[in-house]
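# Topology and contacts: notes
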Amino acid sequence: MLIVLNHKMNLTYQDVLDYEKKLNDRNYKDTVVVCPSSAYLPIFQGNNYKLGSQDVSAYEKGSHTGDIASSQLKSLNVSYCLVGHSERRKYYKECNKIINQKIKNLLAEDITSILCIGETKEERNDNKLKEVLIKDIAECFQDLKKENIENIVIAYEPIWSIGTGVVPTNQDIEEVVSFIKKYIKNHYQVDIKVLYGGSINESNYNTFKTITSLDGFLIGGFSLKVEELKELL
Ligand code: PGA
C-alpha cells in the first residue's frame, strides 16, 4: 500500500521539525510518502518514509519566480510529486495541458507523478463522472509512452469529498477505481496503481482499507496529526 500524506499549506518550521522526528521513529509496512511545503523538503530526509512534493513547475529552469523545478526536487531526494490536485486546478487555473507538461518534467528526473483526478458533485449528479475522468486521463497522458504511463499513480479524489468530511461509499469507490483501471488497461495496455483521497480520518480509514482494488490512500487534513496517523498505520 502507498500512503501519501499531503500537508498542503500547513505547519511552521518548528512544527515540522517535531513532525519529522515523530514520523521517522518507526518502520512502516506500507510505503509512506510525505509531501510537506516545498520550503521544508530538506528537513524530510529520514529513512522510514519517502519524500514527495506537492507541486512542480511546468518549466524546466530559469526565470520563473516562485516555481520549483523537477531537477531541484530531484536534488532534494524527492521521489514522488502530486500533480493536478483539485486545489491547483481551482485556485491556480491549472489545466490538463500544464499538468501533462509537469508529468513530462517529472519523468525526465525519474520522479513518480501522482495524478489527482475527480468529479464535482454537479458532474456526478449529471452522470458525467466517467466523461470527466476519461478527459483528464487522456489529456494528462498526451504523448506519453506506455512505459512512462506504467509508473504514474492515479489518485481518485472526488472534489466534493476533499476537506468536507463527506465521503463516498465503499461501493462507489470500488466502481470508480475499477473503471479507471479497466480504462487504462484497455487504452494504454498497462496496469496502474490507484489511490483514494478525500476526508480520510481515523474513523473511516479501516473501512476504506477493505476495498481490495485500491493500492493506497492520499490523506490531507488528517495527515497533520502525526501521533494518530502513526497509530493507524
Ligand atoms: P483531505 O484532503 O484528506 O483533507 O480531504 C485530501 C487531499 O486534498 O489530498
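Refer to the preceding data block for the structure.
Source: prediction; values computed, not measured.

A tally of regular secondary structure across the protein gives 10 helices and 8 strands. For a compact globule of 233 residues, the expected C-alpha radius of gyration is about 17 Å, and the protein comes in at 17 Å, within 12% of that figure. Dimensions of the protein, computed from the C-alpha atoms along their principal axes, are close to 45 × 45 × 30 Å. For the protein, buried positions account for 49% of its 233 residues. The contacts in the protein between residues at least 6 apart in sequence include a share of 71% that link residues at least 24 apart.

Moving on, we come to the site of the ligand. Around the ligand, the neighbouring residues are Asn 6, Lys 8, His 85, Glu 157, Ser 161, Ile 162, Gly 163, Gly 198, Ser 199, Leu 218, Gly 220 and Gly 221. The separation between an oxygen atom of the ligand and a polar side-chain atom of His 85 is 2.7 Å. About the coverage of the ligand: the protein hides 95% of its 280 Å² of free accessible area.

What follows deals with the packing of aromatic side chains. Following the criterion strictly, the structure yields 7 aromatic pairs and no others. When the ring of Phe 44 is compared with that of Tyr 49, the centres are 6.0 Å apart and the planes differ by 75°; the resulting orientation is edge-to-face. Each ring, one from Phe 141 and one from Tyr 188, has its centre 5.3 Å from the other, and the planes form 70°; the classification is edge-to-face. Taken together, the positions of Phe 141 in the loop between helix H6 (129-140) and helix H7 (146-149) and Tyr 188 in helix H8 (residues 170-188) put the pair 47 residues apart, joining distant regions of the chain. Owing to a relative accessible area of 18%, Tyr 188 belongs among the buried residues under this scheme. Taken together, the aromatic side chains of Tyr 19, Phe 44 and Tyr 49 make up a single cluster linked through ring pairs. Cation over ring: Arg 88 sits above Tyr 92, and NZ or CZ is 4.1 Å from the ring centre. The side chain of Lys 121 reaches across the aromatic face of Trp 160, ending 3.9 Å from its centre.

In this section: unusual backbone geometry. With phi around 65°, Asp 110 is a residue other than glycine that occupies positive phi space. For Asp 110, the location among the structural elements is in the loop between helix H4 (96-108) and strand S5 (112-117). Residue classification places Asp 110 among the exposed positions, given a relative accessible area of 63%. The phi dihedral of Asp 143 falls on the positive side, at around 65°, and the residue is not glycine. By the secondary structure assignment, Asp 143 is in the loop between H6 and H7.

So, how was this worked out
- Residues numbered from 1 in each chain as written.
- Predicted model: local features only at pLDDT ≥ 70, side-chain atom pairs only at ≥ 80, totals over all residues.
- Heavy atoms only, no water.
- Helix = DSSP H or I, 4+ residues; strand = E, 2+ residues; numbered from the N terminus.
- Rg over C-alpha atoms; globule rule 2.2 N^0.38 Å.
- Buried < 20%, exposed > 50% of the residue type's maximum accessible area, 1.4 Å probe, protein only.
- Contact = heavy atoms within 4.5 Å.
- Near = heavy atom within 4 Å.
- Polar contact = N/O pair within 3.5 Å; in protein donor to acceptor, adjacent residues only side chain to side chain.
- Areas by Shrake-Rupley, 256 points an atom, 1.4 Å probe, with all protein chains shown as cover.
- Phe/Tyr/Trp six-rings, centres within 6.5 Å; stacked < 30°, edge-to-face > 60°.
- Lys NZ or Arg CZ within 6 Å of the ring centre and 35° of its normal.

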